[in-house]
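Each chain, letter by letter, is given below.
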Amino acid sequence: MLQDLLVRKNMNIRQLSIKSGVGYNYVYKLVKGQSDIGNCGIYTAKKLANALDLSLDEFYVEVEESFLNYRSSLHHKIKEGEEATMLYILNNDLIASNIFRGNYIKGLYALALLDLLCKKKGYDLVSDYDDFRTYSLKEAFYPTSIAKDGANNKKKYIPEFLRYNIYEEELDDAC
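All chains use their own residue numbering, which begins from 1 and follows the written sequence. Two thresholds apply to this predicted model, a pLDDT of at least 70 for residue-level local features and 80 or more for giving and counting side-chain atom pairs, whereas whole-chain, interface and lining totals are computed over all residues. Remark: hydrogens and water are excluded; side-chain values derive from all non-hydrogen atoms of the structure.

## Quick notes on the pattern of salt bridges
Then comes step 1: The working definition used for a salt bridge is a side-chain nitrogen of Lys or Arg within 4 Å of a carboxyl oxygen of Asp or Glu. The final tally for this structure, using the stated rule, is seven salt bridges.
Then comes step 2: For Asp 115, the salt bridge is made with Arg 133, and the minimal N-O distance between the two is 2.7 Å. Placement of Asp 115 in helix H9 (residues 104-121) and of Arg 133 in the loop between H9 and helix H10 (145-149) is noted, with a sequence separation of 18 residues between them.
Then comes step 3: Glu 160 is paired through a salt bridge with Lys 119; the nearest N and O atoms lie 3.3 Å apart. Of this pair, Glu 160 sits in helix H11 (residues 159-162) while Lys 119 sits in helix H9, and the two are 41 residues apart along the sequence.
Then comes step 4: Only protein chains enter the accessibility calculation, which uses a 1.4 Å probe; a residue whose area is less than 20% of its type maximum is buried, one above 50% is exposed, and one in between is partly exposed. The class of Glu 160 is buried, set by a relative accessible area of 13%.
Then comes step 5: With a relative accessible area of 57%, Lys 119 lands in the exposed category.
Then comes step 6: Via salt bridges that share partners, Asp 115, Asp 130 and Arg 133 belong to a single interconnected network. Secondary structure follows DSSP: runs of H or I at least 4 residues long count as helices, runs of E at least 2 residues long count as strands, and numbering of each begins at the N terminus.

## Digging into the side chain of Asn 165
Then comes step 1: Take Asn 165: it is sitting in the segment after H11.
Then comes step 2: Residue classification places Asn 165 among the buried positions, given a relative accessible area of 16%.
Then comes step 3: Throughout this description, a polar contact denotes any pair of N or O atoms lying within 3.5 Å of each other; where both atoms belong to protein, one of them has to be capable of donating a hydrogen while the other can accept it, and for residues adjacent in sequence the pair is counted only when both atoms sit in side chains. From its side chain, Asn 165 meets the backbone oxygen of Leu 137 in a polar contact 3.2 Å long.

## What to know about the environment of Phe 141
Then comes step 1: Relative to the elements of secondary structure, Phe 141 occurs in the loop between H9 and H10.
Then comes step 2: Among the residues examined, Phe 141 registers a relative accessible area of 14% and is labelled buried.
Then comes step 3: C-alpha of Phe 141 to C-alpha of Asn 165: the two residues are 24 residues apart in sequence and 6.3 Å apart in space.
Then comes step 4: By definition in these notes, contact holds between two residues if any of their heavy atoms fall within 4.5 Å. Discounting chain neighbours no more than four positions away, the residues touching Phe 141 are Val 61, Phe 67, Ile 105, Asn 165, Ile 166 and Tyr 167.

Interpretation in functional terms is not warranted from these geometric data alone.
Okay, structure coming up:
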């Protein structure tokens, strides 16, 4: 949550507003949860991230819906059925909407999952996302601390996720 991040950064709403150049009332609504951080424009998100000395990806991981909750919800969908999960990703536009908002981690995670499920089911990849398949996170992203702890142990990571520099090793661990 943004409120927790401000406490850790020893900042208040007014300081964030001034440092970022984002209006106080809007920052207040974001911090208090009256506006969804996921709906703010990428330009505003970049200004807030810079003011907090974070990359855009770090900012979204810190303040938006917890990535682990996002990951867990997708893993639960898989338990409901692989095709249902594919339709959920497509119908809710989880790939493009996240990427266009600057949340590459969530967008590329959904794309990797979609590609993995297409491969498992013997379907062609959804060509609408070919441009996004050229993207990759600048830094390695470990969805769980277990994956990070095992990074040097030559664990078996899922190739569809590795393509985007996401070190995912298991999809059956939904909480």
